[in-house]
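# Observations on the three-dimensional arrangement
Listed below, chain by chain, are the residues.
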Amino acid sequence: MTWRVVSISHRSKLDYKMGYLEIRQGNSFSKVHLSEIATIIIESTAVSLTTYLINELIAKKINVIFCDEKHLPSSVLAPLYGSYDSSLKVKKQAEWPSSLKSEIWQSIVTEKILNQAKVLAFLGHELAAIQLVGYSDEVMLGDTSNREGFAAKVYFNSLLGQNFSRNLDSFTNSALNYGYSILMSAFARAIYSCGCITQLGIWHKGASNNFNFACDLMEPFRPVIDLEVIGCNFNSFGSEEKKVIKNILNKELLFEGHKQYLNNIIPSYTRSVIDSLNSNDISYKRIFLL
């Protein structure tokens, strides 16, 4: 089972040898077997990788996140083909019926709002939690009534105050964005593994967004990041805070009655949504509730 999150934050040389990721940093040397690695986060721009290693990481479907000069996630390593019949699967993806996508989005938004309500209740905001549960009952097909937007306003104002905005330059927003990026990359990997592409989304349709589909699927999981960030009450955002967020994929959560690592829940959830869309039957879709 893959579970390790490997972070490279200093000048390093990364190589592959006999199934291992080899890491050389100055005079130090370490190695990790690829079978143990779920995610590699390359935080420094002074890191070099061999082409051999890159090919092996892609073959093993290991999630690789590259960061920019500010040490914030900026891109991921993605295969050209996620499966042997990727072209057929992408063709099906482009033909998914709008009516079913509206049903799927209704389900996703409902899950997200209910999970936000759970976070509010856990952190002591009972009245706001009740309000969000009410919103979850009002989500329409395709969320045409924008209950997601109403819920988000109540949610963040309750957690972080009336003056909080997701556009503010703050430690909290930096931590949230970092966590969301890691979450999105995990969904992107799961989508590629199913032979689909991330550009074609259900609801997100940004022409400049290469991860529309991943942005769709991660919505019910955002509150997991929120709870970690807001619950820890970060007063700064440095290496220690990043270490906490990086390990979020190893968090054990209940998924349909069973405790599982988030890193294993994400592929199962993704597969269920894609199976629903390919079979034109929403009953295949699994539900993620905190």
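Whatever comes next refers back to the structure up there.
So, here's what we can say about the structure. (Residues numbered from 1 in each chain as written. Predicted model: local features only at pLDDT ≥ 70, side-chain atom pairs only at ≥ 80, totals over all residues. Heavy atoms only, no water.)

### Here we look at the packing of aromatic side chains
Counting across every chain of the model gives 11 aromatic pairs. Between F221 and F288 the ring centres are 4.1 Å apart and the planes differ by 5°, which places this aromatic pair in the stacked class. One end of the pair, F221, is in the loop between α7 (212–218) and α8 (222–232); the other, F288, is in the segment after α10 (262–279), and 67 residues separate them in sequence. Judged by its relative accessible area of 0%, F221 is buried. In this structure an aromatic cluster arises from ring pairing among F187, F221, F255, Y269 and F288. When the ring centre of Y20 is taken as origin, the NZ or CZ atom of K31, which lies over that ring, is 4.5 Å away. (Phe/Tyr/Trp six-rings, centres within 6.5 Å; stacked < 30°, edge-to-face > 60°. Helix = DSSP H or I, 4+ residues; strand = E, 2+ residues; numbered from the N terminus. Buried < 20%, exposed > 50% of the residue type's maximum accessible area, 1.4 Å probe, protein only. Lys NZ or Arg CZ within 6 Å of the ring centre and 35° of its normal.)

### Some remarks on the pairing of strand β9 (residues 252–255)
On β9, burial follows the alternation: L253 and F255 on one face are buried, whereas E252 and L254 on the facing-out side are not. In the sheet, β9 pairs with strand β10 (residues 258–261) via four bridges, with the strands oriented antiparallel. In the sheet register, L253 faces β10, and the bridge partner there is Q260. Connecting β9 to the antiparallel partner β10 that follows it, the hairpin turn spans two residues, and E256 within it adopts a positive phi of roughly 55°. (Pairing = 2+ DSSP bridges.)

### Some words on the packing of helix α6 (residues 171–193) against α8
With their axes 9 Å apart at the nearest point, α6 and α8 run at an angle of 145° to one another. In this structure, the crossing between α6 and α8 has a hand that is right-handed. Contacts from T172, A175, L176, G179, Y180 and L183 of α6 reach α8 at R222, I225, D226 and V229. (Axes fitted to C-alpha atoms, helices over the stretch in contact; angles between N-to-C directions. Left-handed = near helix turned anticlockwise from the far one by under 90°. Contact = heavy atoms within 4.5 Å.)

### Comments concerning the packing of helix α5 (residues 147–160) against α8
Helix packing for two helices is described by the angle between their axes and how far apart those axes are. Relative to each other, α5 and α8 sit at 15°, their axes nearing to 12 Å. Considered as vectors, α5 and α8 are oriented roughly parallel to each other. Handedness of the crossing formed by α5 with α8: right-handed. Touching Y155, F156, L159 and L160 of α5 are P223, D226 and I230, all from α8. Considered class by class, the residues forming the contact of α5 with α8 number six nonpolar, no polar and one charged. (Parallel < 35°, antiparallel > 145°, perpendicular 65-115°, else oblique. Nonpolar A, V, L, I, M, F, W, Y, C, P; charged D, E, K, R; others polar.)

### A few points about unusual backbone geometry
Although it is not a glycine, K61 sits at a positive phi angle of roughly 55°. Within the fold, K61 resides in the loop between α1 (51–59) and β7 (63–67). Take K61: its relative accessible area is 39%, and that puts it in the partly exposed class. Even without a glycine there, the phi angle at N280 is positive, about 60°.

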